[in-house]
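# Analysis of the macromolecular model
The lines below spell out each chain.
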Amino acid sequence: MIFLVIMTILAMVISACQPQVEESAPAEEAAPAEEAAPAEEAAPAEEAAPAEEAAGVTGDTIVLPWNGTLTGPDGADGTNCAKGAQLAAELANKAGGVCGGKQLEFIAYDNKVDPKEAANIGEIIASQDNVIGSISGWATSSMLAEAPILTAAEKVFIATYAAAPDACERAGPYAYRLYPSAEYQGRYFADLLVNKQGKKNIAILYENEDYGVLLSQVGEAAVNEFGGKVVAKEAVSKDQTDLSAVVSKIKAAEPEAVMTFVQYTVGAYFMVQADKMQLKVPVYGFDGIYSPEFIRLGGEAVEGAATLSSFSPESTKPLVSEFVAAFKEKFGDTPNNCAGYAYDVANIIIQGINETNCAGGSALKEWMDAVYSGVEHPGITGTILLGPDRERAYADGMFNLIAVKDGKWVEVTE
């Protein structure tokens, strides 16, 4: 009996242990097989699907972001600028959208012309799967701040109002600029004043920002090249309101004209105080002063101030007049210079997104390089020609000289 009990217990122990050993072995073997499945799914062919989804191919909406200023000293102009891009997106939606019916969602982000904020917004834009291309809406410093983020994310971005020379070279391969380098404006004014008008003694006023410093250098070099002399060169801050000391220094230098590389707010304050202090010389500013706000802030003191425009709201060219009419109907306002650039930029991005069938940022970049490099295209801001450096190349008729006359911006002869 004892022998039978012992044998029975041994049989039970053996039978209980046997299945655990058999099941655990296959389980150990199965683990690598289970892990191998994801590895096969991660092959390049399988990775293509997420890439397409990231480009917005499977979604119903493509986001078109604008990273610029809506508040602060440049806020009024920046808001008007953003409206140009918004109008382009809305007109495209009315025409059927892009990529077979996807709708565009325009989003304007306010970076307050603060590079840190521009970089933060760049992170937001880069993280959105349904963003393929975006608009860098205001200032070289903001463009450069978001550049490494958008480049890493392979998001094409095109600048509307970044003036500093070689901006695209510094911003990287996904950066483009429709706004012509303000180097052209500096040379244009130096040629106009020194060569055509015979004014040799020139004063320069510039904002102590990236673009202002660079443009003042270009302007000074051009004045010297053409045989003139810079008799005064003064820097101001973007939000400076008391310019009396600056006006005094410039007046004491007895210039025959003043070249300004400032935005409209500080430009208006300069001219108001120059008028009070009897500094009576022609003032020519780069197109940062081209704004209704310049006239509103400066009043009669800005009468006669001149700048350059790539398009005029009074133009009779069908492409321009249709844009101006649509803008006024939508917003009850007249588009400024930057609005024209933003409208052109948005339309280029929309065209590229559509023609690449929403394939993503790298496809949009290839399209930009193939279609817009070295080929002339009509635009609100004149003939658009991008060089191999992704910068807008100089073309005859790129600029129109305009001046404040009877409280309005009008085209004038040189």
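What comes next is a walk through the structure. (Residues numbered from 1 in each chain as written. Predicted model: local features only at pLDDT ≥ 70, side-chain atom pairs only at ≥ 80, totals over all residues. Heavy atoms only, no water.)

This next bit is on the overall build of the protein. Scanning the protein from N- to C-terminus turns up 14 helices and 12 strands. Contacts in the protein between residues far apart in sequence, at least 24 positions, make up 70% of those at least 6 positions apart. Of the roughly 18300 Å² of accessible surface on the protein, a fraction of 53% belongs to carbon and sulfur atoms. (Helix = DSSP H or I, 4+ residues; strand = E, 2+ residues; numbered from the N terminus. Contact = heavy atoms within 4.5 Å. Areas by Shrake-Rupley, 256 points an atom, 1.4 Å probe, with all protein chains shown as cover.)

Considering all chains together, one arrives at 2 disulfides under this definition. The disulfide partner of Cys-81 is Cys-338, and the S-S distance across this bridge is 2.1 Å. Around the S-S axis, the bridge from Cys-81 to Cys-338 shows a dihedral of about -45° and counts as left-handed. Placement of Cys-81 in helix α3 (residues 75–94) and of Cys-338 in helix α13 (residues 337–355) is noted, with a sequence separation of 257 residues between them. Both residues of the pair, Cys-81 and Cys-338, belong to the buried class. Two residues, Cys-99 and Cys-358, share a disulfide whose sulfurs are 2.0 Å apart. (Disulfide = S-S within 2.5 Å. Buried < 20%, exposed > 50% of the residue type's maximum accessible area, 1.4 Å probe, protein only.)

Applying the stated criterion to the full structure yields 12 salt bridges. Ionic pairing is found between Glu-220 and Lys-233, a salt bridge with its closest N-O pair at 2.8 Å. Of this pair, Glu-220 sits in helix α8 (residues 210–225) while Lys-233 sits in strand β7 (residues 229–236), placing them 13 residues apart in sequence. A residue is classified by how much of its surface remains accessible, and Glu-220, at 25% relative accessible area, is partly exposed. Close ionic contact of Lys-280 with Asp-275 constitutes a salt bridge, the shortest N to O distance being 2.6 Å. For Asp-275, a relative accessible area of 33% gives the class partly exposed. Linked through salt bridges whose partners overlap, the residues forming this network are Asp-74, Glu-207 and Lys-238. (Salt bridge = Lys/Arg side-chain N within 4 Å of Asp/Glu carboxyl O.)

Let's shift gears to the nonpolar core. Met-143, Ile-158, Phe-323 and Ile-353 are the most contacted members of the largest nonpolar core, which totals 101 residues. If you tally residues by element for this core, the top one is α13, at 11 residues. Sequence-distant contacts of Ile-353, that is, excluding residues within four places in its chain, are made with Ile-62, Val-98, Cys-99, Ile-132, Cys-358 and Leu-364. (Core = buried A, V, L, I, M, F, W, Y, C linked by side-chain atoms within 4.5 Å.)

With 13 residues, helix α5 (residues 140–152) extends 19 Å from end C-alpha to end C-alpha; this agrees with the ideal 18 Å at 1.5 Å per step. At Glu-146, α5 shows its largest bend, some 40°, and a proline, Pro-148, comes one to four positions later. In terms of burial, α5 is largely enclosed, as 10 of its 13 residues are buried. Of all the residues in α5, the buried ones are Thr-140, Ser-141, Ser-142, Met-143, Ala-145, Glu-146, Ala-147, Ile-149, Leu-150 and Thr-151. Residue Glu-154 follows α5 closely and has a positive phi angle near 55°. (Expected span 1.5 Å × (residues − 1). Bend = angle between axes of the 7 residues up to and from the residue.)

The angle between the axes and the distance between the axes are what describe a pair of packed helices. Interhelical geometry of helix α4 (residues 115–127) versus α5 gives an angle of 35° and a closest axis separation of 8 Å. Handedness of the α4/α5 crossing: right-handed. Residues Pro-115, Ala-118, Ala-119, Gly-122, Glu-123, Ile-125 and Ala-126 of α4 form the contact with α5, whose participating residues are Ser-141, Ser-142, Ala-145, Glu-146, Ile-149 and Leu-150. Split into classes, the residues belonging to the contact of α4 with α5 amount to 8 nonpolar, 3 polar and 2 charged. (Axes fitted to C-alpha atoms, helices over the stretch in contact; angles between N-to-C directions. Left-handed = near helix turned anticlockwise from the far one by under 90°. Nonpolar A, V, L, I, M, F, W, Y, C, P; charged D, E, K, R; others polar.)

Note that an α-helix has 3.6 residues per turn; residues three or four places apart therefore point the same way. An ideal rise of 1.5 Å per residue puts 28 Å on 20 residues; α3 measures up with 28 Å between its terminal C-alpha atoms. Positive backbone phi, approximately 120°, marks Gly-96, located one or two places after α3.

Turning next to the environment of Gly-361. By secondary structure assignment, the location of Gly-361 is in helix α14 (residues 361–372). Taking relative accessible area as the criterion, Gly-361 reaches 10% and is therefore assigned buried. When near neighbours in sequence (up to four residues on either side) are disregarded, Gly-361 contacts Ile-132, Glu-154, Val-156 and Tyr-174.

Attention now goes to the packing of aromatic side chains. Tallying each qualifying case throughout the model produces 13 aromatic pairs. An angle of 85° between the planes, with centres 5.5 Å apart, marks the rings of Tyr-290 and Trp-409 as edge-to-face. With Tyr-290 in the loop between β9 (283–285) and α11 (292–298) and Trp-409 in strand β12 (residues 408–411), the pair connects residues that are 119 residues apart, well separated along the chain. What makes Tyr-290 buried here is its relative accessible area of 6%. Residues Phe-323 and Tyr-343 carry aromatic rings whose centres are separated by 4.4 Å and whose planes lie at 40° to one another, so their mutual orientation is tilted. Taken together, the residues Phe-323 in helix α12 (residues 318–331) and Tyr-343 in helix α13 connect sequence positions 20 residues apart. Judged by its relative accessible area of 13%, Tyr-343 is buried. Stacked on the ring of Tyr-206, the Lys or Arg Lys-233 has its end atom at 5.7 Å from the ring centre. (Phe/Tyr/Trp six-rings, centres within 6.5 Å; stacked < 30°, edge-to-face > 60°. Lys NZ or Arg CZ within 6 Å of the ring centre and 35° of its normal.)

Where α3 meets α13, the axes come as close as 7 Å, and the angle between the chain directions of the two elements is 35°. Along this stretch, α3 crosses α13, giving a crossing that reads as right-handed. Note on element contacts: α13 touches α3 through Cys-338, Ala-339, Ala-342, Tyr-343, Ala-346, Asn-347 and Ile-350, opposite Asn-80, Cys-81, Gly-84, Ala-85, Leu-87, Ala-88, Ala-89, Leu-91 and Ala-92. Looking at the contact of α3 with α13 residue by residue, the class counts come to 13 nonpolar, 3 polar and no charged.

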